[in-house]
Amino acid sequence: MNFWISSQFIILVFLFLSCSTTESKDPLLEEAHTHHQAAMAIHDDVVPKLETLSQQIANMEEGDSTSTEYKMAADAIKKDFEQWDEALVSVPGYEVEHNHDHDHDHDHDHDHGSNDLKDLPAEQVLELQKDLKKEITSIQSRLDSLIAETR
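As the structure is a prediction and not an experimental result, all values here were calculated from the model. (Residues numbered from 1 in each chain as written. Predicted model: local features only at pLDDT ≥ 70, side-chain atom pairs only at ≥ 80, totals over all residues. Heavy atoms only, no water.)

Draft legend 1. View of the overall build of the protein. Looking only at helices and strands, the protein has 4 helices and 0 strands in total. Secondary structure elements of the protein occur, N-terminal to C-terminal, as α-α-α-α. Within the protein, counting contacts between residues at least 6 apart in sequence, those at least 24 apart form 78% of the total. With the model as given, the accessible surface of the protein reaches about 10200 Å², and the carbon-plus-sulfur share is 53%. (Helix = DSSP H or I, 4+ residues; strand = E, 2+ residues; numbered from the N terminus. Contact = heavy atoms within 4.5 Å. Areas by Shrake-Rupley, 256 points an atom, 1.4 Å probe, with all protein chains shown as cover.)

Draft legend 2. Structural view of the pattern of salt bridges. Counted under the stated rule, the structure contains 5 salt bridges. A cluster of three or more residues bridged by salt bridges with shared partners is formed by Asp45, Lys49 and Asp144. (Salt bridge = Lys/Arg side-chain N within 4 Å of Asp/Glu carboxyl O.)

Draft legend 3. Representation of the packing of helix H3 (residues 65-87) against helix H4 (residues 122-149) in the model. Put simply, H3 and H4 touch, their axes get as near as 10 Å, and they point 160° apart. Between H3 and H4, the crossing angle belongs to the class labelled roughly antiparallel. The crossing of H3 and H4 is left-handed. Contacts between H3 and H4 involve Tyr70, Ala73, Ala74, Ala76, Ile77, Asp80, Phe81, Trp84 and Ala87 from the former and Leu132, Glu135, Ile136, Ile139, Arg142, Leu143, Leu146 and Glu149 from the latter. Of the residues contributing to the contact of H3 with H4, the split by class is 13 nonpolar, no polar and 4 charged. (Axes fitted to C-alpha atoms, helices over the stretch in contact; angles between N-to-C directions. Parallel < 35°, antiparallel > 145°, perpendicular 65-115°, else oblique. Left-handed = near helix turned anticlockwise from the far one by under 90°. Nonpolar A, V, L, I, M, F, W, Y, C, P; charged D, E, K, R; others polar.)

Draft legend 4. Here's a closer look at the environment of His43. Position of His43 among the secondary structure elements: in helix H2 (residues 27-58). A relative accessible area of 0% places His43 in the buried class. The spatial distance from the C-alpha of His43 to the C-alpha of Asp85 is 8.5 Å, given a sequence separation of 42 residues. (Buried < 20%, exposed > 50% of the residue type's maximum accessible area, 1.4 Å probe, protein only.)

Draft legend 5. Here's a closer look at the confidence of the model for the protein. With 72% of its residues at a pLDDT of 70 or more, the protein has an overall mean of 82. Predicted confidence for residues 102-111 stays below pLDDT 50, and this span has 17 contacts to residues more than four positions away or in other chains. (pLDDT = per-residue confidence, 0-100.)

Draft legend 6. How the structure looks around the environment of Ala41. Secondary-structure assignment places Ala41 in helix H2. With 92 residues separating them along the chain, Ala41 and Lys133 place their C-alpha atoms 9.9 Å apart.

Draft legend 7. Structural context of the packing of aromatic side chains. This model, assessed by the stated rule, comprises 1 aromatic pair. A centroid spacing of 6.2 Å and a plane angle of 25° characterise the contact between Phe81 and Trp84, whose relative ring orientation is stacked. Of this pair, Phe81 and Trp84 both sit in helix H3, 3 residues apart, which is roughly one turn of that helix. Given a relative accessible area of 0%, Trp84 falls into the buried group. Cation over ring: Lys25 sits above Tyr94, and NZ or CZ is 4.4 Å from the ring centre. (Phe/Tyr/Trp six-rings, centres within 6.5 Å; stacked < 30°, edge-to-face > 60°. Lys NZ or Arg CZ within 6 Å of the ring centre and 35° of its normal.)

Draft legend 8. How the structure looks around the nonpolar core. Counting 29 residues, the largest nonpolar core has Val46, Leu53, Phe81, Trp84, Ile136 and Leu143 as its most contacted members. Those elements that place two or more of their residues in this core are H2, H3 and H4. Here this core takes 10 residues from H2, the largest share from any one element. Apart from the residues within four sequence positions on either side, Val46 is in contact with Phe81, Ile136, Gln140 and Leu143. (Core = buried A, V, L, I, M, F, W, Y, C linked by side-chain atoms within 4.5 Å.)

Below, the structure is given as structure tokens:
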């Protein structure tokens, strides 16, 4: 009798373990997640640079037309960055691995809206992540150029 109970227990454990294996991820979602991670690395590069730019502009003489132009350009970049940050969404099925140890406000959910995308086809999720990465790359480029000009 004990052998039968032990055999049943082993079979149940085996069935439970075999049923709990993880599904393979959609390759398009994997690629989308790669783009998301790249965009987040750029994001984490941009945040301190925005502070650097603000400090450089603050050190310029007030009332100078050049400093006013730089301030307007910096404000435009900051606004674009904030809009990008608000539009940011993660890939459904992937944990958000973003570090929130920086000093700007996050008015959006910390899950970056992954539930908003769960019903989208994988192709659309991929295109959205590509677009978000392209946008943050453009912001980074503009920011780097302006920092170089204000030195």
